[in-house]
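# Descriptive structure summary
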Amino acid sequence: MGFAEVARELLLVAPADFVAERTARQRSVRKEDRALATAIGGLRKPAPAAWVIDLLAHEGALGDAVDLGPAIRKAQADADPAVIRQLRRQRASVIDALAQAGADLASDAGHPVTRAVLDQVRTTIEAAMADPHAGAAVRSGLLVRALESAGFDAVDLDGALADPDAVPDAWSGSDAPPISITSARGARKGSRASRPTATASHDAPHPNAAPEPERDPEPDRHLATERRAAREAETAARSESRDADAALDAAAGDLERAEEHRSELRRALDRADAEVARLEAARDEAEAASDRARDVLHAAQEHRRGLGH
């Protein structure tokens, strides 16, 4: 079994039991495959929303949602209001149904999730509809953090998958040729950067058109600055969250090892107590045997003395 298969199994474990199960799997393969054991040890505990998504992926429940993506994008490109409204209603219905199904799966696993987690589940499903590579990610069963779609930008998949190399390169709902997620993200960003903004005929003002009022660039600059600051804050928060998750995993691992050591010490103490009890019993038995031997000796001496007279 490869790392991706092991990761898919571990990511279905309830978050409260994840660290212990990961440690057990790591130990079970350490002798046979140290590289796999190392990879398992580095597997991050999934965020609650990602865990719910992985549960849904395991049930094969995300296909209808992801497959709506191309239809929605086509309707938006065709600017067909009626179709867009219909598809949006369908999207909302599918997302609500999946969120409820995810909540039920989490409850069945003994780990009910909060409304905030279900909101992140909805956001992740929306991202899967908006971006084909995000769609591949959520259907992989290897998601470790929630996803979010930001307008027409490609969904950020950095650090989102336990094993990016194992995710199918091509999204099943796209006719595009297979390419890796990393390459696709770069290509999409490049295509946006090189996209022409307007043709000369569009830019040229009509001879009889009234001059457009000059636009004050200051509000735009402020808005751009605020957006940049918000993105930087989000990036910093995500980094802090990942560091906190890693610290939590490390602390949980240290605690587990300490508890195992304590259990070993208790077992050793129990063995020592049993050995002391055994030795005490042996001593008591030897002491009783010694007393009996003295009594026999004393009787023999008395008998000899009686014969001498």
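See the structure above.
Computed from a prediction, not measured in an experiment: that's the story for all the values here.

## Re the overall build of the protein
A count of helices and strands for the protein gives eleven helices and zero strands. Reading the secondary structure of the protein in the N-to-C direction produces α-α-α-α-α-α-α-α-α-α-α. Among the 309 residues that make up the protein, the fraction classed as buried is 28%. For the protein, restricting intrachain contacts to residue pairs at least 6 apart in sequence, the fraction spanning at least 24 positions comes to 67%. Within the structure as shown, the protein displays about 19800 Å² of accessible surface, and the carbon and sulfur contribution to it stands at 54%.

## Overview of the packing of helix α1 (residues 3–10) against helix α2 (residues 15–30)
Viewed as axis vectors pointing N to C, α1 and α2 meet at an angle of 150°, and their least axial separation amounts to 10 Å. Taken together, α1 and α2 sit at an angle that is classed as roughly antiparallel. Taken as a pair, α1 and α2 cross one another with a handedness that is right-handed. When α1 is examined against α2, the residues V6, E9 and L10 are found in contact with a partner set consisting of F18, E21, R22 and R25. Looking at the contact of α1 with α2 residue by residue, the classes come out as three nonpolar, no polar and four charged.

## Considerations on the nonpolar core
Within the largest apolar cluster, 54 residues are counted, with the highest numbers of intra-cluster contacts made by I125, L143 and L147. Secondary-structure elements contributing two or more residues to this core are α1, α2, α3 (34–41), α4 (48–58), α5 (63–78), α6 (81–108), α7 (115–130) and α8 (132–139). Take this core: its biggest share by element is eight residues, from α4. If sequence neighbours within four positions are ignored, L143 has contacts with L11, P46, A50, I53, D54, T124, A137, V138, A160 and L161.

## Considerations on the packing of α6 against α7
It is at 10 Å that the axes of α6 and α7 come closest, and there the two elements cross at 135°. Between α6 and α7, the crossing angle belongs to the class labelled oblique. As α6 packs across α7, the resulting crossing turns out to be right-handed. Across the interface between the two elements, R91, V94, I95, D96, L98, A99 and A103 of α6 pack against L118, R122, I125, E126 and M129 of α7. Residues of the contact of α6 with α7, tallied by class, amount to eight nonpolar, no polar and four charged.

## Section: α6
The terminal C-alpha atoms of α6, which comprises 28 residues, lie 40 Å apart, in line with the 40 Å expected from a rise of 1.5 Å per residue. Listing the buried residues of α6 in full gives I84, L87, V94, I95, L98, A99, G102, A103 and A106. G110 sits one or two positions beyond α6 and adopts a positive phi of about 80°.

## Here we look at the pattern of salt bridges
Scanning all chains against the criterion turns up nine salt bridges. For D96, the salt bridge goes to R122, with nearest N and O atoms at 3.4 Å. Of this pair, D96 sits in helix α6 while R122 sits in helix α7; the two residues are 26 residues apart in sequence, bridging distant segments of the chain. On the basis of relative accessibility, which here comes to 43%, the residue D96 falls in the partly exposed class. When the shortest N-O distance is used, the salt bridge between R283 and D284 registers 3.1 Å. Taken together, the salt bridges that share partners define one network made up of D96, D119 and R122.

## Examining α4
Summarising burial for α4: nine of the eleven residues are buried, a large majority. Every buried residue belonging to α4 is among A49, A50, W51, V52, I53, D54, L55, L56 and A57, and all of these are buried. Looking at the buried residues of α4, the elements they touch are α2, α6, α7 and α8. After α4 finishes, the residue G60 shows a positive phi value of roughly 70°.

## Regarding the environment of L147
Tracing the sequence through the fold places L147 in the loop between α8 and α9 (181–194). The spacing of L147 and Q120 is 27 residues in sequence and 7.8 Å in space, taken between C-alpha atoms. Ignoring any residue separated from it by four or fewer positions in sequence, one finds L147 in contact with T123, T124, A127, A134, V138, V155, D156, L157 and A160.

## Some details on the environment of R30
Within the secondary structure, R30 sits in helix α2. For the pair R30 and I40, spaced ten residues apart in sequence, the C-alpha to C-alpha distance is 9.8 Å.

## Thoughts on the side chain of D131
The topology assignment puts D131 in the loop between α7 and α8. Taking the relative accessible area as the measure of exposure, D131 reaches 2% and is therefore buried. Polar contacts involving the side chain of D131 include one to the main-chain amide nitrogen of H133, which spans 2.7 Å.

Procedures and definitions
Residues numbered from 1 in each chain as written. Predicted model: local features only at pLDDT ≥ 70, side-chain atom pairs only at ≥ 80, totals over all residues. Heavy atoms only, no water. Helix = DSSP H or I, 4+ residues; strand = E, 2+ residues; numbered from the N terminus. Buried < 20%, exposed > 50% of the residue type's maximum accessible area, 1.4 Å probe, protein only. Contact = heavy atoms within 4.5 Å. Areas by Shrake-Rupley, 256 points an atom, 1.4 Å probe, with all protein chains shown as cover. Axes fitted to C-alpha atoms, helices over the stretch in contact; angles between N-to-C directions. Parallel < 35°, antiparallel > 145°, perpendicular 65-115°, else oblique. Left-handed = near helix turned anticlockwise from the far one by under 90°. Nonpolar A, V, L, I, M, F, W, Y, C, P; charged D, E, K, R; others polar. Core = buried A, V, L, I, M, F, W, Y, C linked by side-chain atoms within 4.5 Å. Expected span 1.5 Å × (residues − 1). Salt bridge = Lys/Arg side-chain N within 4 Å of Asp/Glu carboxyl O. Polar contact = N/O pair within 3.5 Å; in protein donor to acceptor, adjacent residues only side chain to side chain.

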